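Given next are the chains, with one letter for each unit.
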Amino acid sequence: MAAMTEPAAPWALLAELTHACPLHCPYCSNPLELVRRGTELAADEWARVFAEAADLGIVQAHISGGEPLLRPDLEEIVAAAHHAGVYTQLVTSGVGLTADRLDALAGAGIDSVQLSVQDADQANSDLIAGRASYAAKERAAGVIRDAGLPFGLNVVLHRHNLDRLPEIIAMGERWGADRIELANAQFYGWALRNRDVLLPTRDQLESAKETVAAHRAASRGPELVWVLPDYYEGVPKPCMGGWGARSITVAPDGTALPCPAASAMTDLRPPNVRDHPLSWIWRSSDAFNAYRGTAWMSGPCGECPRRETDFGGCRCQAYALTGDASRTDPACALSPDHHLVRDRAALAGTADGAAPGFVYRRPANARG
Ligand code: SF4
Ligand code: FES
C-alpha cells in the first residue's frame with residue numbers, strides 16, 4: 001500500500017536496545033512477548049539506523065529498553081547517535097547507573113536523562129517494581145544531578161500510587177528533577193493484563209488533577225507533564241500524535257513500529273531495519289501507512305470534527321479491546337464500543353487490596 005501523499009518527516013526515534021530489565025513493572029510498555037537477547041541489533045546496526053534516522057529528519061532519539069544500561073556497548077551506540085547529529089536521551093530505571101558510567105555516557109554524547117521511579121514511598125515503589133530498587137534510583141538521581149545533565153523523572157500513575165501525588169512531586173523537587181512526567185497508565189500489553197488492579201478511581205484522578213493545577217499555578221519546582229488518563233474523559237488521546245506522523249520505534253530485534261505497543265497487532269506485519277532502509281519504512285511500508293491520516297477512518301470518526309485533532313484515538317487500544325485496530329478508540333464516548341471502557345471504569349476500585357495481585361513483567365507471565 002502506498003501513502004496517498006508524502007508523509008512529513010518524523011522527529012523522534014524510540015530506540016529499544018534490549019528488552020532485558022532488572023525490574024518487573026506490571027504496566028511495562030514492552031510487549032508481552034519480549035525479544036530475546038540473542039536477536040538484538042548490534043552496535044554497528046544501530047549506527048546505521050541512527051545515520052538513516054538523521055537523513056530522514058529525526059532530531060531526537062530516546063535510548064531505551066528494557067534497561068539500556070544492560071548493553072555493555074551502550075557507549076558505542078550513544079556515540080553513533082551523537083555522531084549522526086541526533087539529540088539523545090537515556091531512558092533508564094537507574095539500576096546500575098554509577099557516576100563512572102554516566103561520565104562515560106556523557107563523554108559519548110548523551111544529552112539528557114529520564115529516570116523512572118514507581119512511587120515516593122520506598123516499600124511501595126519496590127513492590128510495584130517487583131524488586132528492591134528505590135534506593136538505587138535515589139542514588140542515580142544524585143549522580144544525574146551532579147553530572148549537570150537535564151533531568152526528567154517519569155512516574156507511571158495508577159490506583160496504587162496516585163494518592164501520593166503530592167509526595168511524588170515533592171520527591172522530584174528533592175531529587176533535583178527539571179521535569180516530572182506524570183504518565184497515567186495506558187492500558188495495553190502488561191497494563192491491560194493488570195487493568196483491574198491498576199485502574200484508578202475517578203475521585204483519585206480528580207484529586208490528582210487539582211494537585212497538578214495547584215503546583216502549576218504556584219509555578220515553582222519542576223515542570224509537570226500530565227499524560228491524559230482516557231478511561232474517564234470520554235474523549236480519546238491523540239495517541240502518538242497520529243499513526244506514522246511523528247515517530248518511529250525500533251524494537252531490539254530491528255522491528256520498526258509506528259508505536260511501541262503496535263507489536264501486539266498480529267496482522268500488522270511490521271518491517272525490519274535489517275531488511276529495509278528507514279526512509280522506505282517511513283514512507284512506503286504498509287505498517288506505517290495503515291492508519292496514517294484520516295482516509296482509513298470509518299464509523300463515527302469518518303464524519304467527526306475532531307478527527308484531525310485526536311486522529312481517532314489510539315489504534316493499539318482499539319485493537320486490544322475490539323480486535324480491530326481500524327475501529328474508533330473505545331475511549332471515545334461516540335464509539336459503539338465505548339461500553340468496554342465505561343463499564344470497566346465503573347468497576348475501578350472494587351477489585352481492591354492493600355497487597356495487589358500484580359502480574360509482573362516476566363517472560364513466564366507473558367501468556368495466561
Ligand atoms: Fe475522535 Fe473519532 Fe471520537 Fe471523533 S469519533 S472524537 S475523531 S475518536
Ligand atoms: Fe499504539 Fe496508541 S499505543 S497507537
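Cut-offs and rules
Residues numbered from 1 in each chain as written. Chains lettered and ligands numbered in written order. Predicted model: local features only at pLDDT ≥ 70, side-chain atom pairs only at ≥ 80, totals over all residues. Heavy atoms only, no water. Pairing = 2+ DSSP bridges. Helix = DSSP H or I, 4+ residues; strand = E, 2+ residues; numbered from the N terminus. Contact = heavy atoms within 4.5 Å. Axes fitted to C-alpha atoms, helices over the stretch in contact; angles between N-to-C directions. Near = heavy atom within 4 Å. Nonpolar A, V, L, I, M, F, W, Y, C, P; charged D, E, K, R; others polar. UniProt positions renumbered as here; feature names shortened; annotations may be inferred. Buried < 20%, exposed > 50% of the residue type's maximum accessible area, 1.4 Å probe, protein only. Right-handed = clockwise from strand over helix to strand, strands pointing away. Salt bridge = Lys/Arg side-chain N within 4 Å of Asp/Glu carboxyl O.

## With respect to the sheet that holds strand S1 (residues 12-16)
Item 1. Taken in spatial order, the nine strands line up as S7-S6-S5-S4-S3-S2-S1-S8-S9 in an open sheet, and their pairing is mixed. At either margin of the open sheet sits one strand with a lone partner, and together these are strand S7 (223-227) and strand S9 (256-257).
Item 2. As paired strands, strand S6 (residues 179-184) and S7 are joined by five bridges and run parallel to one another. Looking at S7, one finds that Glu181 is bridged to Val225.
Item 3. Its contacts with the sheet place helix H5 (residues 134-147) against strand S4 (112-116) and strand S5 (151-157), and it is angled at close to 165° to S4.
Item 4. Packing of helix H9 (residues 202-218) onto the sheet brings it into contact with S6 and S7, and relative to S7 it is tilted by some 155°.

## Notes on the site of ligand 1
Item 1. In the vicinity of ligand 1, the contacting residues are Pro236, Pro300, Cys301, Cys304, Arg306, Arg307, Asp310, Gly312, Thr328, Cys332 and Leu334.
Item 2. A per-class count over the shell around ligand 1 returns six nonpolar, two polar and three charged.

## Brief notes about the UniProt feature "domain: Radical SAM core" (unreviewed entry) in the protein
Item 1. Those places that UniProt annotates as "domain: Radical SAM core" (unreviewed entry) correspond, in this numbering, to residues 7-223.
Item 2. When the span residues 7-223 is considered, its composition is 43% helix and 16% strand, and the gap between its end C-alpha atoms is 32 Å.

## Some remarks on helix H13 (residues 315-322)
Item 1. Taking burial as the measure, the eight residues of H13 include six buried ones, the bulk of the element.
Item 2. Among all positions in H13, only Arg315, Cys316, Gln317, Ala318, Tyr319 and Leu321 are buried.
Item 3. For H13, the elements touching its buried residues are helix H7 (189-193), helix H8 (195-198) and helix H14 (339-346).
Item 4. Just past H13, the residue Gly323 takes up positive phi, approximately 80°.

## Observations concerning the packing of helix H6 (residues 165-175) against H9
Item 1. Close contact between H6 and H9 brings their axes to 9 Å; oriented N to C, the two are set at 35°. Residue-level contacts link Leu165, Pro166, Ile169 and Glu173 of H6 to Ala208, Thr211, Val212 and His215 of H9.
Item 2. Within the contact of H6 with H9, the residues separate by chemical class into five nonpolar, two polar and one charged.

## Focus: the pairing of S5
Item 1. In terms of residue burial, S5 counts as a mostly covered element, since seven of its seven residues are buried.
Item 2. By the alternation rule, side chains of S5 split into Phe151, Leu153, Val155 and Leu157 and Gly152, Asn154 and Val156, which are all buried.
Item 3. Examined bridge by bridge, S4 and S5 share four bridges and lie parallel to one another. Bridging from a neighbouring strand, Gln114 pairs with Gly152 of S5.
Item 4. Bridge analysis of S5 against S6 gives six bridges, and the strand direction is parallel. Bridging across to S6, Asn154 finds its partner in Glu181.
Item 5. A crossover connection joins S5 to the parallel S6 through H6; in handedness this β-α-β unit is right-handed.

## With respect to the pattern of salt bridges
Side-chain pairs of opposite charge can arise where the charged atoms are in close proximity.
Item 1. Scanning the entire structure with this criterion turns up 17 salt bridges.
Item 2. Across the pair Asp73 and Arg71 runs a salt bridge, and its minimum N-O distance is 2.9 Å.
Item 3. Judged by its relative accessible area of 4%, Arg71 falls in the buried class.
Item 4. The partner of Lys209 in a salt bridge is Glu206, with the nearest N and O atoms 3.7 Å apart. Of this pair, Lys209 and Glu206 both sit in helix H9, three residues apart, roughly one helical turn.
Item 5. Judged by relative accessible area, Glu206 falls into the partly exposed class, the value being 37%.

## Examining the UniProt feature "binding site: [4Fe-4S] cluster" (unreviewed entry) in the protein
Item 1. The sites that UniProt annotates as "binding site: [4Fe-4S] cluster" (unreviewed entry) are Cys21, Cys25 and Cys28.
Item 2. Overall, Cys21 belongs to the partly exposed group, its relative accessible area being 24%.
Item 3. Residue contacts for Cys21: discarding those within four places in its chain leaves Gly66, Glu67, Leu70 and Arg361.
Item 4. Locating Cys28 in the fold gives a position in the loop between S1 and helix H1 (43-56).
Item 5. Note on Cys28: relative accessible area 14%, which makes it buried.

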